[in-house]
Amino acid sequence: MRIPCPHCGTRDLREFTYQGAALAQPEGDWSPDWDSYLHLRDNPAGETRDRWYHNPCGTWVVVTRDTVSHAVTGGIAAREAGA
Amino acid sequence: MRVAGFGIHAGAAARFRFDGQSFEGREGEPLAAALLANDIRLVGRSFKYHRPRGILTAGSEEPNALVTTGDGAGATPNVRATVQEVWDGLEARSQNAWPSLRADVMAVNDLAWRFLGAGFYYKTFMWPRAFWERVYEPIIRRAAGLGGLSGAHNPDRYERAFAYCDLLVIGAGPAGLMAALTAGRSGARVILADEDARMGGRCLSERFEICAGPAHVWASGVLDELASLPNVTLMPRTTVTGVYDQGTYGALERVGLHRAADPRLPLECFWRIVAKRAVLCAGAIERPVAFKDNDRPGVMTASAVRGYLNRWGVAAGQSVTLFANNDDAHRTARDMVAAGIKVAGVIDSRDTAPDSRDYPVYRQGRVVGTRGRLGLTSISIAHAGGVRDIRTDCLAMSGGWNPSVHLTCHLGARPVWDPETQAFLPADGAVPGLAVAGAARGVFSTAGCLADGVAQAASALEALGLAAPKIDLPDTEDDPYRLAALWQVPGKGRAWLDFQNDVTVKDVVQAAAENFRSVEHMKRYTTQGMATDQGKNSNVAALAVLADATGRGIAETGTTTFRPPFSPVSIAALGAGAQGKGFAPQRFTTSHAASVERGAPMIEAGLWYRPSYFPRAGEATWREACDREVGMVRGAVGVCDVSTLGKIDIKGPDAGAFLDFVYANTFSKLKPGRVRYGLMLREDGHVMDDGTTACLGEGHYLMTTTTAAAGLVMRHLDYVAQVLRPEMDVQIASVTEHWAQFAVAGPKSRELLDSLLDAPVDPEAFPFMACGPVSVTGVSGRLFRISFSGEHAYEVAVPARYGAALWRLLVAQAEVLGGGAYGMEALNVLRIEKGLLTHAELHGRTTAFDMGLGGMLSKKKDFVGRAAAGRAGLLEDSRQQLVGLRPVEAGAPLPAGAHLFEKTAPAVRGNSHGYVTSTAHSPTLGTTLALGFLASGRARHGETIRLVDHMRGVETLCEVTGPVAFDPEGGRARG
């Protein structure tokens, strides 16, 4: 698998650490939103956006990919991606 | 038998041994050719029936001729004799035969074949159940098998490597050469990989002409041009074995297997090739026909028979017969005649077979039986004109060609049945970015392959945005393939489909009869296609038989799943470099050499290596050394390398606010020159890590992490800075390797430092938890008044390049003061005596509340993990809380991992009240001590509980205490 790092270009999977779906963190005290954010993640068949850490350069990347076709269609810096 | 004047290979004479006997071959020719040249036809025994077997093919798909090369720990089993090149001194042995290949005792299995059919094991070895593993399995494993491993450590070298290109061309036959030439001339970066030692594919094994000359001469010309192009890389002896996502291809290169051992060379190299586009020109594999006793040595595929003649100058027999269903196979008979070898007859299943003046052609013919115990002597045929026997020592057979579609199926696509060629062809768009050209997609004439190679390369170049050059197509044969379906000859007896695994037509029919009608079920019931050739020779024919037996069409029956690798890949090549110490990188501190010099055993801490203890003369055990080192720190001064702790430099106007958000406690109010202990939570409210952070100046902090979590914390800080708080102006850099840092601990620590610092430590300027710049023998460094031992202690840091020198100075001075270096064992004892935490306690399932650090969670600010840490369930008094444990009988063992029970309760899981995380013998207190988690532990100090370790057979009564066993007021560290 090859992942596009906006800083270094497309690199091998082994340089990245996977984190999970690119969701916005809820605000405020504990709520069902927090529960859902921490524990109830979707497992979509199809397009998904998730965060990967590019270990060599320290960039968090939001990767758009397809869990069915394995196509990777985009990778932008999390800093620019917004929540 | 060698044929004078035939063959295009010019190798020097080379001696090799097979089963101990010495033979002469030619350097670089396959072992199979050299054996045939020496009239060796019996090469191995089959998997199940131990049937005598010879050489079936001339390629990597060979199922029969498997040998073991080399000796002892360096031996390699299951080497295909068709792939192994001969070199002077090559040693090869046959497999799966005892006492000898010619007189194999287990051949008795063949007499019992009626009982050993499909599903035999499942039906026979059912009772008693207790016999499954201890009796049946060993017997079956011994009886059925291939070559064995030595069981010794593999001493051979392997490598891994990476390559990148615009266009990867897989296979260097007519189509592949033209594809590479087209792309090479366009300027694209091209890799041409081919599994053969010499590129050219069928150009090397056929007698057709290209450009009015021998095909191999044309191929050499193209290869010369490709070799001259700087943008083209030729990779011979390299099999592309797998297709992976985003244009990643796995490939295995044979580097040192074709020559005498050379310690400078690896045996194999596993490549990961990343290609923007690829063209698959893998060609096709000729398929055998299933007829009675078609497995005798001497029965070969037709293309192999003429390949051995045309390329290697070796005749596979003296009286050759041919059994075929297509025009292409008749080349074999013509080539044999051209070489002056007798063709005793051509049996063609069609009534339109081409006639010949040179040999009899039997139309509507079929081979109905063969004879010859250890090698073919004659065949029986039936044809339009009757039946007869023919004396022959080599039967060339051809049931047509199967395009090598394997790689197109590795991402899940299924091939498509083509009735015209009676073959499976690759599905369109099966692999993104991969096109297929030539015989691999059913284009069988040479002219068609050349044109297709150009066309597919041109499309790939267009997709890459490159202009394809104009290429003139060379003149060559464009003969029609003409084929009629022929899979099996019906009749009594056994007709082999999968030669290696001994699967016959009867087995497939029986599987269908027992309702294993799905092709995947049939495969597993019969083991069809599960041999080392993965059914390359047999799968399509087996499908045809299954289709017939179940009354379905072949297309409807479908294929089994194709998975990587295309041909066998040694695990040693995949794991190259990762044996022993190569498994993970090693990180060494600047004091490493000095520690090793002093005989300190080094233990792994993550990727780091740290000294366990520093033994001195007269100390018989590690405990003696450890107790002495603890005593040094408590009584004088000890020195310990703590450089492995993560160090993260944090700077910027928002650095203080950033730390406030990262840590559960407050840091923004920390003044320059001060240090604070911090606790970091995960988003789910559990503790991630702890450590101290020093304020070096306005908006400039140095965070330390535990050794184990340094990488994790760095990633987490980047996550917070880039994802959760991108608006903050803060810069973060790991500086772990930049600084060597040493703990100097003990009552005489200041005295020691004063002897090395350019100005003595000012006690006013360096109270407990202070930090600041210092000059150490003229080197600018940093001094921190922090303690992980409970003693008056410092950590002194200098740029890493001075670490080795400073360490030696510190240790020497410490020894002058009655102290010395201490290692991990003593460090652990010191911190357990003080109830300080490591990842034994911060193991991911514990909270600040559990640790008794709930008060550190700030109520005045937001921080990572705040919401989740406030959940009621994480704050219940019944939770397991950190406690100290001390045995009622001083010194009794308190092993880590032991569980805690009420005194009289049975020691079973449901009764467990907690567990031990850390344990040590405290020389300071003269007893064993432990830290652990106990339900409602903080309320149970003073209670006596029972500690039980079922694994070690330990049971100890102990008292529950606070976590801090030594100097609970902390006066020693502050004073």
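All figures in this text were calculated on a predicted structure; none of them were measured in a lab.

J.: Which parts of the structure should I look at to understand the overall build of chain B?
T.: Along the backbone of chain B there are 23 helices and 50 strands. Taken over the C-alpha atoms alone, chain B extends approximately 115 × 70 × 55 Å along its principal axes. Put simply, chain B has 975 residues, and 53% of those count as buried.

J.: Where do I start with the overall build of chain A in this structure?
T.: If you tally the helices and strands in chain A, you get two helices and six strands. Counting from the amino terminus, helix and strand elements in chain A follow one another as β-β-β-α-β-β-β-α. Summarising its shape, the C-alpha atoms of chain A cover approximately 40 × 30 × 20 Å along the three principal directions. Across the 83 residues that make up chain A, the buried fraction comes to 24%. Sequence-distant contacts in chain A: of pairs separated by 6 or more residues, those separated by 24 or more amount to 49%.

J.: Please clarify how the UniProt feature "domain: Aminomethyltransferase C-terminal" (unreviewed entry) in chain B should be interpreted in this entry.
T.: As recorded in UniProt, the sites labelled "domain: Aminomethyltransferase C-terminal" (unreviewed entry) are residues 881–967 of chain B. Measuring from the first to the last C-alpha atom of residues 881–967 of chain B gives 21 Å, for a span that is 0% helix and 48% strand.

J.: Just to check I follow, could you spell out the packing of helix 5 (residues 174–186) of chain B against helix 6 (residues 215–228) of chain B for this structure?
T.: How two helices sit against one another is set out by the angle between their axes and by the gap between those axes. Residue and element names in this part refer to chain B. One can describe the packing of helix 5 onto helix 6 by two numbers: an axis separation of 10 Å at closest approach and a directional angle of 30 degrees. It follows from the interaxial angle that helix 5 and helix 6 lie roughly parallel. In this structure, the crossing between helix 5 and helix 6 has a hand that is left-handed. Of the residues in helix 6, those in contact with L177, A180, L181 and G184 of helix 5 are A219, V222, E225 and L226. Classifying every residue of the contact of helix 5 with helix 6 gives six nonpolar, one polar and one charged.

J.: What am I meant to see in the sheet that holds strand 24 (residues 394–398) of chain B here?
T.: Strands pair in a sheet through their backbones, by hydrogen bonds, and they do so in one of two ways: parallel or antiparallel. All names here are of chain B. The five strands are arranged 17-24-18-19-20 in an open sheet whose pairing can be described as parallel. Both edges of this open sheet fall to strand 17 (299–301) and strand 20 (361–362), since each of them pairs with a single strand only. One ladder, built from three bridges, connects strand 17 with strand 24; its direction is parallel. Opposite M300, over in strand 24, you have A396 as the bridge partner. Helix 8 (residues 330–338) rests against strand 18 (319–324), strand 19 (342–348) and strand 24 of the sheet, and its axis sits at about 165 degrees to strand 19.

J.: For this particular structure, what's the right way to read the pairing of strand 36 (residues 675–681) of chain B?
T.: Where a strand is regular, its side chains alternate between the two sheet faces. Residue and element names in this part refer to chain B. A large share of strand 36 lies buried, amounting to five of its seven residues. Bridging between strand 36 and strand 37 (residues 687–697) involves seven bridges; their strand directions are antiparallel. If you follow M680 over to strand 37, its bridge partner there is D689. Counted along the chain from strand 36 to the antiparallel partner strand 37, the turn is five residues long, and its residue G685 has a positive phi close to 90 degrees.

J.: Mind showing me how you'd approach the interface of chain B and chain A here?
T.: On the chain A side, the residues contacting the 17 residues of chain B number 17 residues. The set of elements that each furnish at least two residues to the side of chain B that touches chain A consists of helix 18 (710–724) and helix 22 (866–869) of chain B. Considering every element that reaches the side of chain B that touches chain A, the biggest residue donor is helix 18 of chain B, with six residues. When grouped by side-chain class, the residues that make up the side of chain B that touches chain A number seven nonpolar, four polar and six charged.

J.: Would you mind going over the domain arrangement of chain B with me for this structure?
T.: Entries for chain B in the domain assignment read domain 1 (13–115), domain 2 (629–820) and domain 3 (832–859 + 876–974). A straight line from the C-alpha centre of domain 1 of chain B to that of domain 2 of chain B covers 66 Å.

J.: Just checking my understanding: could you explain the nonpolar core for this structure?
T.: The nonpolar side chains of a soluble globular protein tend to be buried, and buried together. Residues and elements named next belong to chain B. Counting 170 residues, the largest nonpolar core has L167, L168, V279 and V508 as the members making the most contacts within it. Ignoring anything within four residues of it in the chain, the contact list for V508 reads L497, V503, M522, T526, Q528, A542, V545, L546 and A549. Within the second largest apolar cluster, 109 residues are counted, among which are V639, L717, Y822 and A826.

J.: Explain the UniProt feature "domain: GCVT N-terminal" (unreviewed entry) in chain B to me, please; I cannot follow it from the model alone.
T.: Sites flagged by UniProt as "domain: GCVT N-terminal" (unreviewed entry) map to residues 592–861 of chain B. Structurally, residues 592–861 of chain B is divided into 28% helix and 27% strand, and its ends, taken at the C-alpha atoms, are 43 Å apart.

J.: How do you make sense of the sheet that holds strand 42 (residues 779–784) of chain B when you look at a structure like this?
T.: All names here are of chain B. Across the sheet, six strands lie side by side as 41-42-43-40-34-44; this open sheet has mixed pairing. Pairing within the sheet leaves two strands with one partner each, and these edge strands are strand 41 (771–776) and strand 44 (820–821). When strand 34 (residues 638–641) meets strand 44, the two strands line up parallel, connected through two bridges. Along strand 44, the bridge assignment pairs V639 with A821.

J.: Help me understand the environment of D351(B) in this model?
T.: Residue and element names in this part refer to chain B. Note that D351 resides in the loop between strand 19 and strand 20. In this structure the C-alpha to C-alpha distance between D351 and N325, which are 26 residues apart in sequence, comes to 9.8 Å. Excluding residues within four positions of it along the chain, D351 makes contact with R363, Q364 and A384.

J.: For this particular structure, what's the right way to read the environment of I341(B)?
T.: Residues and elements named next belong to chain B. Checked against the element boundaries, I341 lands in the loop between helix 8 and strand 19. Classification of I341 as buried rests on a count of 21 C-beta atoms within 10 Å. Remark: the alpha-carbon pair of I341 and Q318, spanning 23 residues in sequence, is separated by 6.2 Å.

J.: So what exactly am I meant to see when it comes to the packing of helix 7 (residues 302–312) of chain B against helix 8 of chain B here?
T.: Residues and elements named next belong to chain B. Between helix 7 and helix 8, whose axes approach to 8 Å, the crossing angle comes to 30 degrees. In terms of orientation, helix 7 lies roughly parallel with respect to helix 8. Judged by the sense of rotation from one axis to the other, the crossing of helix 7 with helix 8 is left-handed. Judged by residue contacts, A302, V305, R306, L309 and N310 of helix 7 engage R331, T332, D335 and M336 from helix 8. A class-by-class count of the residues in the contact of helix 7 with helix 8 yields four nonpolar, two polar and three charged.

J.: Quick question: what am I supposed to make of helix 21 (residues 824–833) of chain B here?
T.: One turn of an α-helix holds 3.6 residues; hence residues three or four places apart share an orientation. All names here are of chain B. For helix 21, the tally of buried residues reaches seven of ten residues, placing the bulk of the element in the interior. Listed as buried for helix 21 are E825, A826, L827, V829, L830, I832 and E833. Where helix 21 is buried, its residues contact helix 16 (622–635), strand 34, strand 47 (914–922) and strand 48 (927–935). Positive backbone phi, approximately 65 degrees, marks G835, located one or two places after helix 21.

Criteria and thresholds
- Residues numbered from 1 in each chain as written.
- Chains lettered and ligands numbered in written order.
- Predicted model: local features only at pLDDT ≥ 70, side-chain atom pairs only at ≥ 80, totals over all residues.
- Helix = DSSP H or I, 4+ residues; strand = E, 2+ residues; numbered from the N terminus.
- Buried ≥ 20, exposed ≤ 12 C-beta atoms within 10 Å, placed from the backbone.
- Contact = placed C-beta atoms within 7 Å.
- UniProt positions renumbered as here; feature names shortened; annotations may be inferred.
- Axes fitted to C-alpha atoms, helices over the stretch in contact; angles between N-to-C directions.
- Parallel < 35°, antiparallel > 145°, perpendicular 65-115°, else oblique.
- Left-handed = near helix turned anticlockwise from the far one by under 90°.
- Nonpolar A, V, L, I, M, F, W, Y, C, P; charged D, E, K, R; others polar.
- Pairing = 2+ DSSP bridges.
- Domains from an automatic or database assignment.
- Core = buried A, V, L, I, M, F, W, Y, C linked by C-beta atoms within 7 Å.

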